[in-house]
Amino acid sequence: MSKKSPAVDVELNVLKWLIDSSGWSNDEIAKRLNTNTENIQKIITGEKKPTFRQLQELSTIFKRPIAAFLLSKPLAEKPKPKDYRLLPEKTNKFDKKTILVMRKTRRLQDLSKELSRNIKYETKSKLEKVKLSENPETIALNFREKFNLTEEKQRKFKTPYELFNYLRDLLEDQNIYLFQFSMPVEDARGFVFVDESPTVIVVNTKDNIEARLFSLMHEFAHILLGESVIDLPDATHIFKDDVEKWCNEFSSAFLLPKDLAKATFELYKTNLTQKETLKTLSNRYKVSKAMLLLNMLKLNYIGRKDYDAILARFEKESKPVKEKDKESTGGGIPSEVKCLSEIGNKFVSLVANNYDRDFITYTDALNYLSIKSKSFDKVLSKAKK
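Report on the accompanying structure.

Conventions and cut-offs
- Residues numbered from 1 in each chain as written.
- Predicted model: local features only at pLDDT ≥ 70, side-chain atom pairs only at ≥ 80, totals over all residues.
- Heavy atoms only, no water.
- Helix = DSSP H or I, 4+ residues; strand = E, 2+ residues; numbered from the N terminus.
- Polar contact = N/O pair within 3.5 Å; in protein donor to acceptor, adjacent residues only side chain to side chain.
- Contact = heavy atoms within 4.5 Å.
- Phe/Tyr/Trp six-rings, centres within 6.5 Å; stacked < 30°, edge-to-face > 60°.
- Lys NZ or Arg CZ within 6 Å of the ring centre and 35° of its normal.
- Buried < 20%, exposed > 50% of the residue type's maximum accessible area, 1.4 Å probe, protein only.
- Pairing = 2+ DSSP bridges.
- Patch = residues over 30% accessible without salt bridge, like charges linked within 9 Å, V, L, I, M, F, W, Y side chains within 5 Å.
- Areas by Shrake-Rupley, 256 points an atom, 1.4 Å probe, with all protein chains shown as cover.
- Salt bridge = Lys/Arg side-chain N within 4 Å of Asp/Glu carboxyl O.
- Lys, Arg positive; Asp, Glu negative; His and termini not counted.
- Charge placed at Lys NZ, Arg CZ, Asp CG, Glu CD.
- Axes fitted to C-alpha atoms, helices over the stretch in contact; angles between N-to-C directions.
- Core = buried A, V, L, I, M, F, W, Y, C linked by side-chain atoms within 4.5 Å.
- Parallel < 35°, antiparallel > 145°, perpendicular 65-115°, else oblique.
- Left-handed = near helix turned anticlockwise from the far one by under 90°.
- Nonpolar A, V, L, I, M, F, W, Y, C, P; charged D, E, K, R; others polar.

Position of Ser197 relative to the elements: it lies in the loop between strand E3 (190–193) and strand E4 (199–204). Reaching out from Ser197, the side chain makes a polar contact with the backbone oxygen of Thr123 at a distance of 2.9 Å. Not counting the four nearest positions on each side in its chain, Ser197 is found in contact with Lys113, Thr123 and Lys124.

Below is the structure:
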């Protein structure tokens, strides 16, 4: 006969904080603990004490150490980013997976600062802020020039992944860390933390790569404006909010400048909206067909009726990518590839440099990179130091 798990005294405000900050509903917790919602409510109000086994399960699903449930008071946590998702009745309410990604990102941000300090690396962004009153198209063209992203170079990238990685390397040179994690795509497509150094961008691997490219430059625009946000960037959405509108215009102008779009559309004017043309232009500039159509609409190459009809054909572009996508960070790919895709060369190199100089242990390094020992050398060999 199994031994009954002992009841544990917990501070109710601590328990409430851990539940509220987890994103788990009482119904979901009850189901996971194999009990009913009424019992969970009694534990929250103090009518009933949780068992140690229940705390172990909560520790697992909340991704918190058991010690967190034994604190005398809640820990102070950094603020969540400003919510620009514009979702009815969901302001500052996030899916539990999104919450975990935000917590993981904060941890990586803190680690980046600590590890950089060890080896005297600068963590502050090298970028100057811009104002909302400035023209986003002009700013975007300036950054294309600064990043040496010519039309010829953009066309020479074989895939959108190559362009993404090129931009990632450039942003990391500016002390901006770019992480890629999986979240429900309807909950968030990206977010950025600028309130601490180093600055961090996160994009959602559930999105297809063209959408991630757009989100990347949209979030970069938020960095230029100096605000921590979480949002749902969409190339085809006409935002009423001035900030989101500015960031969308910046991203669109960066990836496909107006003059370049006009010149290209003129060349293909006779068959502009045919499937083959849209596929060709999408492959050439590494942008979605939906974004191409929006530019055609804005530049008066097609009307609203045609735009709506043709856009419906490409609805699948906005759907989450399947986990089997070989370039995503989903299952089925080598752990060293997943590691580099998620956290990037800069963070891996930072960990490697700290390990080489004996500032951290081998175990620390594995923990920070979230890999097993068999993958350590492979990760370091693939990273650019």
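Take the packing of aromatic side chains next. Given two aromatic rings, their pairing is described by the distance between the two centres and the angle made by the two planes. Taken as a whole and judged by the stated rule, the model has 18 aromatic pairs. An aromatic cluster is present here, built from Phe143, Phe147, Phe220, Trp246, Phe250 and Phe254 joined pairwise through their rings. Lying over the aromatic face of Trp24, Lys96 brings its terminal NZ or CZ to 4.9 Å of the ring centre. Positioned over the ring face of Phe193 is Arg106, at 3.8 Å from the centre of the ring.

Turning next to the pairing of strand E2 (residues 176–181). The element E2 is extensively covered by neighbouring structure, given that 6 of its 6 residues are classed as buried. Alternating residues of E2 divide into Ile176, Leu178 and Gln180 and Tyr177, Phe179 and Phe181, and every residue in both groups is buried. Bridge count for E2 against E4 is 6 bridges, and the pairing is parallel. Counted as the bridge partner of Ile176 is Thr199 from E4.

Let us now look at a positive patch on the surface. On the surface, Lys372, Lys374, Lys378 and Lys382 cluster together into a positively charged patch. Within the secondary structure, Lys374 is located in helix H17 (residues 373–382).

Spatial ordering of the open sheet is given by E1-E5-E3-E4-E2, a layout of 5 strands whose pairing is mixed. Among the strands making up the open sheet, the edge pair consists of strand E1 (82–83) and E2. Here 2 bridges tie E1 to strand E5 (residues 229–231), and the two strands are oriented parallel to one another. Bridge assignment links Asp83 to a residue of E5, and that residue is Ile230. With respect to the sheet, helix H8 (residues 160–173) is in contact with E2 and E4, its orientation differing from that of E2 by roughly 140°. Running over the sheet, helix H9 (residues 209–225) touches E2, E3, E4 and E5 and is turned about 155° from E4.

Here the focus is the nonpolar core. Counting residues in hydrophobic clusters, the biggest one holds 60 residues, and the most contacted among them are Phe143, Leu167, Ile201, Leu216, Phe220, Phe250 and Phe254. No other element matches the 10 residues that H9 contributes to this core. Excluding residues that lie within four positions of it along the chain, Phe220 makes contacts with Leu127, Phe143, Phe147, Leu171, Ile176, Ile201 and Phe250. If you look at the next biggest cluster of nonpolar residues, it comprises 36 residues, including Met102, Ala188, Val351 and Leu380.

A few words on unusual backbone geometry. Backbone phi values are negative for most residues with the exception of glycine, while trans is the configuration of most peptide bonds. Cis rather than trans, the peptide bond between Ser197 and Pro198 has omega equal to 5°. Tracing the sequence through the fold places Pro198 in the loop between E3 and E4. Positive phi is not limited to glycine here, since Lys286 has a value of about 60°. Looking at the secondary structure, you find Lys286 in the loop between helix H12 (275–285) and helix H13 (289–298). Positive phi is not limited to glycine here, since Ser370 has a value of about 55°.

It is the contact of helix H15 (residues 335–356) with helix H16 (residues 362–369), at a shortest axis distance of 10 Å, that shows an interaxial angle of 160°. As judged from the angle between their axes, H15 and H16 are roughly antiparallel. Two packed elements cross with a definite hand, and for H15 against H16 that hand is right-handed. In this structure, H15 uses Cys339, Ile343, Phe347, Val348, Val351 and Tyr355 to contact H16, whose residues at the interface are Tyr362, Ala365, Tyr368 and Leu369. Taken together, the residues that form the contact of H15 with H16 break down as 10 nonpolar, no polar and no charged.

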